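Residues per chain, in single letters:
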Amino acid sequence: MFTNYLKIAWRTLRKQRGLTFINIVGLATGLTCCMLIMLYVLDELSYDRYNQKADRIYRVQTDVKFGGNDMHFAVSPDPIGPTLKKDYPQVEEFVRLRDRGTWSVRRTGEATNLREDNITFADSTLFDVFTLPLVAGNSKRALAEPNTVVISESAAKRHFGSQNPMGQTLVFNNDKTYKVSGVMRDMPKNAHFHSDFFLTMLNDEYTWGQWLSNNHHTYVLLKPGSNTALFTQHFDTIIRKYIGPKVQESMGASMEQFRKAGNTLAYWLIPLTDIHLHSKQQIELSPNGDMQYVYIFSAVALFILLIACINFMNLATARSSNRAREVGVRKVMGSKRQQLIGQFMTESVLTTVLAMLLALLLVAVALPGFNAIATKKLSIIQLVSPYYLPFLVALPIVVGLLAGIYPAFFLSSFEPISVLKGKINASFRSSGLRNGLVVFQFAMSVVLIIGTLIVYRQITYIQTKNVGFNRNQVVTVNDVYAIGKQAETFRQEVLRLPGVVSGSVSGYLPTPSHRSDTPFWAEGQTDINKGAVMQNWGVDYDYLNTLGMTVVQGRNFSHDFGSDSSGIILNEAAVKVLGFKNPIGQRIFRFNDEQGKSRQAFTVVGVVKNFHFESLRRNIGALSMILSPNSGAASFRIGSGNLPVLMKQIEAKWKQVAPGQPFSYQFMDDSFDEMYRAEQRVGTIALTFAGLAILIACLGLFGLAAFMAEQRTKEIGVRKVLGASVGSIVTLLSKDFLKLVLVAIIIASPLAWYAMNNWLQDFAYRIDIEWWYFALAGLLAVSIALLTVSFQSVKAALMNPIKSLRSE
């Protein structure tokens, strides 16, 4: 029986080539989008699941509200891990990580350094918590001794080639030598942090035991069966027992007073597998994904697939008049309804299988481009892995059944007597369900258009907004700290080059980086709630001038004032938090220890206009600047001359001052834009899929218009004989479809507003959703629908009426 179904289905598809083409292309496009998004979503959901103990690993998160700032950190105090293991038997193990950013690394005896990212200090328990297999070395002892480092296979190849790296030494930042005690496999791409170098925590130059500082990413491995909800309650005990006395010593207030003043401190656990998509803390080890985008893309995939299925359903029911006699004859010859349903479902599944084969080809072609947009390394081979294969096999069957079930039941329901007498044709002119499905198609397409417009407008707003400093024409040379006192010599040499306007060496830049906050108090202030937690940047005399920042009160640092060594410049937000009406000359201080015995005082010499130094998702926080010899990068404002030549000249100056050090630079506007790469990717992906959704919807509309025009061929002939113009006939055939599109726009607009308004809430600085976004999206939808329908309408209107009426 099934073989017979298959033969008839194949003959039917071949007989109706135009309709088959529209159905297969539409379904293939929908399936392609679905598979691409499926690869993306499943990859996002797979983060950190390679760890064998992933279900028992948690990270300690910190939430603090103090000094006018509401802070949420992925880091925690260094003693919290050892304390949890010591005081609570539920903790099997802990490990702390401390990211030190980019260092220069070379093999001992080599003259040239390589620039290596994500240098990380780690406890010796690293390999007890995380699944990081070693190909050489003992995981229990690899980081247990001072001056040891575990490197990845890729790092071993870069620095040692084919030689055995075990026991050999590497020099970090020209002065720290570590022995290679282990070689691990490269970390999986779906890990929430990556490092090629894990240095023993025994060599981390840090003042240990600081309960009031948050600088370490702390992970705990709980014993099987532990109740995490109950365990989290222990953090209140830790705060009272260990942190309360420190707050009393440094601030002169108990924890109860601290909290009554409106401040908060809380620790909590986040499951390892939730970090990538659910953690929105500050100071993450690497940029995370966002579960919101997983939901958005999943919904887009579902909508596009539904649009493709609706095409199939609409076209199948619209051409039902052409198959009505076939159904009638089959029933008269003894076919049962179940057999007819089986026949039509076979046609549907066969069409979907053919579409699936085409979709696999399209995925193979589109995947490199999709990877470039999504910054992934997805492979079509993943589709045949055990993780994906069940979904891949089920997809065409489910889609085929979904798309074919209504047409199958609809077509098989015809009464043979009515069909054979020709009494059923009138019912094909209009169908409430069919119209509803067309409305749904275009409503989803309009939502995607509006969403794409708003995403692009927000990105444009971010890129063009006045952020309070001039990030254009500024080049930043990285790793200046590696040349120590030579940094100022390098700056002076570069300033002599024609085309260089100004230059600065500083420890901080208003671009993405890991920074910590420092609490300050006004001199004589005893109210615990009057402290200000702020960024404290070390800069030089030319920092403000080079970056184009504006001093609104007081002055910049100056060589003419020796007292500026203890001077400080605040931004407007810091002045507001500290409560100063006349800030110039005011004294503020910070503590240099947790006991509050050593403090450092500064005199406010200037106030700089607020500028954005973090993502526009956040409000501008309090910030201070002091003169400091600490250097991280050199920034130079350059003219608009021959940029490639100038960069070669700057590189030559670098090599003169820092032979053997890798030369690395970037432009500040690129660094600033890096914060919004995720939104740019979302915008590009949304634009692509919005275009495909409209294409699929138009394919269905095109086929539907063709069948409607075919059914009304004789009506059109009569109207032309009676004097109807081509324009009036085109209007007649088009207006019904345009009404449906207008209804779709009305339904889509509030849905799009609600979804995009929620998305924009993540930004402290955002655009307003204006009426013209909806008007433009509606105009695009109407124009595209009109062009699609008009082709068939004009074709039908230009037909010779003699041909259409010949059979009468």
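Above this text you will find the structure in question.
Residues numbered from 1 in each chain as written. Predicted model: local features only at pLDDT ≥ 70, side-chain atom pairs only at ≥ 80, totals over all residues. Heavy atoms only, no water.

Chemist: In this structure, what is going on with the pairing of strand β15 (residues 500–506)? I would like to understand it.
Modeler: Looking down a regular strand, the side chains alternate between one sheet face and the other. In terms of burial, β15 is a largely internal element, six of the seven residues being buried. Of the strand pairs in this sheet, β15 and strand β23 (residues 633–638) are connected by six bridges, and their pairing is antiparallel. Each bridged residue has a counterpart across the sheet, and for Val 500 the counterpart in β23 is Ile 638. (Buried < 20%, exposed > 50% of the residue type's maximum accessible area, 1.4 Å probe, protein only. Helix = DSSP H or I, 4+ residues; strand = E, 2+ residues; numbered from the N terminus. Pairing = 2+ DSSP bridges.)

Chemist: Would you take a moment to explain the packing of helix α16 (residues 486–495) against helix α19 (residues 643–657) for this structure?
Modeler: A pair of packed helices is captured by two measures, namely the crossing angle of their axes and the spacing between those axes. In the contact formed by α16 and α19, the axes pass within 10 Å of each other and the chain directions differ by 150°. Looking at the two axes, α16 sits roughly antiparallel to α19. Every pair of crossing elements has a handedness; the one defined by α16 and α19 is right-handed. Contacts from Gln 486, Thr 489, Phe 490, Glu 493 and Val 494 of α16 reach α19 at Ile 650, Lys 653, Trp 654 and Val 657. Per-class residue counts for the contact of α16 with α19 are five nonpolar, two polar and two charged. (Axes fitted to C-alpha atoms, helices over the stretch in contact; angles between N-to-C directions. Parallel < 35°, antiparallel > 145°, perpendicular 65-115°, else oblique. Left-handed = near helix turned anticlockwise from the far one by under 90°. Contact = heavy atoms within 4.5 Å. Nonpolar A, V, L, I, M, F, W, Y, C, P; charged D, E, K, R; others polar.)

Chemist: Would you explain the layout of surface pockets in this entry?
Modeler: Gaps left between atoms are located by rolling a probe of water-molecule size over the structure's atoms. Roughly 530 Å³ of internal volume is contained in the second largest pocket. For the second largest pocket, the lining is made up of 22 residues, of which Ile 296, Val 300, Val 447, Ala 755 and Met 756 are closest to its centre. Elements that contribute at least two residues to the lining of the second largest pocket include exactly α10 (291–318), α15 (432–464), α21 (677–711) and α23 (726–760). Across the lining of the second largest pocket, the residue classes tally to 18 nonpolar, four polar and no charged. (1 Å grid on protein atoms, 1.4 Å probe; cavity = no way out; pocket = protein on both sides within 12 Å on 5 of 7 lines; lining within 4 Å. Points joined across faces, edges and corners; volume = space filled by probe spheres on them.)

Chemist: Even after reading the chapter, I still don't get the pattern of salt bridges, so can you show me in this structure?
Modeler: Side chains that carry opposite charge are capable of pairing whenever their charged atoms lie near each other. In the structure shown here, the tally under the stated rule is 24 salt bridges. Here Arg 158 makes a salt bridge to Asp 196, at a shortest N to O gap of 3.2 Å. Here the residue Arg 158 occupies a position in helix α5 (residues 153–160), and Asp 196 occupies one in the loop between β10 (176–184) and β11 (197–200), the gap between them amounting to 38 residues. For Arg 158, a relative accessible area of 40% gives the class partly exposed. Asp 564 is paired through a salt bridge with Arg 555; the nearest N and O atoms lie 2.8 Å apart. Taking the relative accessible area as the measure of exposure, Asp 564 reaches 0% and is therefore buried. A single salt-bridge network, built from bridges that share partners, covers Asp 43, Glu 44, Lys 189 and Lys 376. (Salt bridge = Lys/Arg side-chain N within 4 Å of Asp/Glu carboxyl O.)

Everything listed here is a matter of geometry and, on its own, says nothing about what the molecule does.
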